[in-house]
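Breakdown of the fold
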Amino acid sequence: MNRAYNFCAGPAMLPREVMERAQAEFLCYGSSQASVMELSHRSDTFMGIAQGAEANLRQLLKVPDDYAVLFCHGGGRSQFSAVPLNLAPSVAKAHFVNTGSWSRAAMSEAGKFVSTHQIAELDTRDPSRWAWQFASVEEAPAYLHYCSNETIDGVQLSALPTGMAVSEGCPVVADMSSDILSQPIDWDTHQLVYAGAQKNIGPAGLAIVIVKRDLLGRHGRPIPAIMDYRAMDAQGSMVNTPPTYAWYLAGLVFEWVVCQGGVDEMARRANQRSEYLYQAIDNNDFYYNPVPKPFRSKMNIPFTLAQPSLDAAFLQEAEAQGLMALAGHRSVGGMRASLYNAMPMSGVETLVDFMGEFARRRG
Ligand SMILES: *Cc1c(COP(=O)(O)O)cnc(C)c1O
């Protein structure tokens, strides 16, 4: 069966080995005589799957023991509301770094539950040199939120902006939906990390939350039980029936990452894939990526054609060659190639060959 190289930003491509394993285990998992989808979440078999997945994730990301690892419902966006509900009383202030569409979406949702304040923003008016604009800060916030990889804009931060004042003891929260497991995480500078699963982890709907336990229970307000990190932690993420099949598939992906050489190897591959594509874009006047080098994402690479009238032909011809889902986000247009962990180098090479050939023929 021919599977395309799938450049979709999410739900995204999963490793072929994972899909084949899931297929082989689909009807009967191990000796259970049933599909994982049909097992009680409290059965020994599923508990084994669940704990194995958590253990591998902890090992891959070197999660400290005083952090809880939660398998939650509701995708990445559920955490836009769960974070303020868990970390802040409603009278508190939360600080936000604005690097693009997802930062703004997170800030807007949090604004329903806490008072939000944008403390840093990327000023993108000068296309050759993007610069940080900082707002003044009067009050210690309940937490600081940023998005490590802007999936739509193709902007990635390797660290919080230098020169930004983070008050002593202020928890730093990161939305890592689209770059988790592509590089190590520094737990000295992150107290809460969350990610929707459908980019680098598994099926949509699942969200992973990794949170320092001593932050929990400070909010002093009612929280829906399935969003309550402390309750979720106390009950092994089984306040209600968890998304069992998604959890199982995430576990297969974690095992795959371990077998491939772990997160350092994922980081090496992400560098290799993205450098190869950026070079092809930069060396050809027919293609353009608007993001200055220090901010370029290794996961999502938007680009435009010199002649936008050729967009439809580009997409159609790419698809005919097995290069799928290269259209940019509907809010920005153009093209976007998402190069998550499951994308093999051969996919990027095929794309770059196609781009060169298309520009020669049509440019
Ligand atoms: C995809 C994405 C989300 C939203 O995920 P959903 O599961 O659709 O809610 C949030 N943040 C970032 C950075 C994303 O890439």
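In this text the structure is predicted, and so the values were computed from the model without any measurement.

Time to look at the overall build of the protein. Check the secondary structure of the protein and you find 9 helices and 15 strands. Oriented by its inertia axes, the alpha-carbon framework of the protein measures out at about 60 × 60 × 30 Å. A total of 363 residues make up the protein; the buried ones form 55% of that total. Here the contacts in the protein between residues at least 6 apart in sequence split such that 67% fall between residues at least 24 apart. For the protein, the accessible area works out to roughly 16,000 Å², and carbon and sulfur atoms hold 51% of it. Positive and negative side-chain charges in the protein, numbering 29 and 36 respectively, have mean positions lying 3 Å apart.

On to a nonpolar patch on the surface, then. On the surface, Phe26, Leu27 and Met37 cluster together to form a nonpolar patch covering roughly 340 Å² of accessible area. When its relative accessible area of 47% is taken as the criterion, Met37 is described as partly exposed.

Looking now at helix α2 (residues 44-61). Relative to the 26 Å expected for 18 residues at 1.5 Å per residue, α2 spans 26 Å between its end C-alpha atoms, a close match to the ideal helical length. All of the buried residues in α2 are Phe46, Ile49, Ala50, Ala53, Asn56, Leu57, Arg58, Leu60 and Leu61. Buried residues along α2 sit against β2 (67-73), β11 (206-212), α6 (244-260) and α7 (262-282). Phi for Lys62, located one or two positions after α2, is positive at around 50°.

So, about the sheet that holds strand β15 (residues 335-338). What the 3 strands build is an open sheet, ordered β12-β13-β15; its pairing is antiparallel. On the outer flanks of this sheet lie β12 (287-288) and β15, each paired with one strand and no other. In this structure, β12 lies alongside strand β13 (residues 300-305), joined through 2 bridges in antiparallel fashion. By the bridge assignment for β13, Tyr287 is matched with Leu305.

Taken as a whole and assessed by the stated rule, the structure comprises 20 aromatic pairs. When the ring of Phe314 is compared with that of Phe358, the centres are 5.2 Å apart and the planes differ by 80°; the resulting orientation is edge-to-face. Here Phe314, found in helix α8 (residues 311-320), pairs with Phe358, found in helix α9 (residues 345-362); they are 44 residues apart in sequence, far enough to count as distant. For Phe358, a relative accessible area of 0% translates into the label buried.

This part is about the packing of α6 against α7. Here α6 crosses α7 at 80°, and the two axes come no closer than 7 Å. As summarised for this structure, α6 and α7 are arranged roughly perpendicular, according to the angle between their axes. Here α6 contributes Trp256, Val257, Val258 and Gln260 to the contact with α7, which in turn contributes Gly262, Val263, Glu265, Met266 and Arg269.

Further remarks concern the site of the ligand. In the vicinity of the ligand, 13 residues are found, and the nearest of them are Arg77, Thr151, Asp175, Gln198 and Lys199. At 2.6 Å, a side-chain N or O of Asp175 approaches a nitrogen atom of the ligand. A distance of 2.7 Å separates an oxygen atom of the ligand from a polar atom in the side chain of Lys199. Here the ligand, which alone exposes 390 Å², has 86% of that area covered by the protein.

Within the sequence span of helix α4 (residues 101-110), burial applies to Ser103, Ala105, Ala106, Met107, Glu109 and Ala110. Residues of α4 that are buried in the fold lie against α3 (75-87), β3 (93-98), β4 (115-123), β6 (143-147), β7 (149-150) and β10 (192-196).

The next point concerns the environment of Tyr229. With respect to the helices and strands, Tyr229 occurs in helix α5 (residues 229-234). We classify Tyr229 as buried; its relative accessible area is 1%. Considering only alpha carbons, one finds Tyr229 and Val83, 146 residues apart in sequence, at a separation of 9.0 Å. Excluding residues that lie within four positions of it along the chain, Tyr229 makes contacts with Leu70, Gln79, Ala82, Val83, Asn86, Leu192, Val209 and Leu216.

Conventions we followed
- Residues numbered from 1 in each chain as written.
- Predicted model: local features only at pLDDT ≥ 70, side-chain atom pairs only at ≥ 80, totals over all residues.
- Heavy atoms only, no water.
- Helix = DSSP H or I, 4+ residues; strand = E, 2+ residues; numbered from the N terminus.
- Buried < 20%, exposed > 50% of the residue type's maximum accessible area, 1.4 Å probe, protein only.
- Contact = heavy atoms within 4.5 Å.
- Areas by Shrake-Rupley, 256 points an atom, 1.4 Å probe, with all protein chains shown as cover.
- Lys, Arg positive; Asp, Glu negative; His and termini not counted.
- Charge placed at Lys NZ, Arg CZ, Asp CG, Glu CD.
- Patch = residues over 30% accessible without salt bridge, like charges linked within 9 Å, V, L, I, M, F, W, Y side chains within 5 Å.
- Salt bridge = Lys/Arg side-chain N within 4 Å of Asp/Glu carboxyl O.
- Expected span 1.5 Å × (residues − 1).
- Pairing = 2+ DSSP bridges.
- Phe/Tyr/Trp six-rings, centres within 6.5 Å; stacked < 30°, edge-to-face > 60°.
- Axes fitted to C-alpha atoms, helices over the stretch in contact; angles between N-to-C directions.
- Parallel < 35°, antiparallel > 145°, perpendicular 65-115°, else oblique.
- Near = heavy atom within 4 Å.
- Polar contact = N/O pair within 3.5 Å; in protein donor to acceptor, adjacent residues only side chain to side chain.

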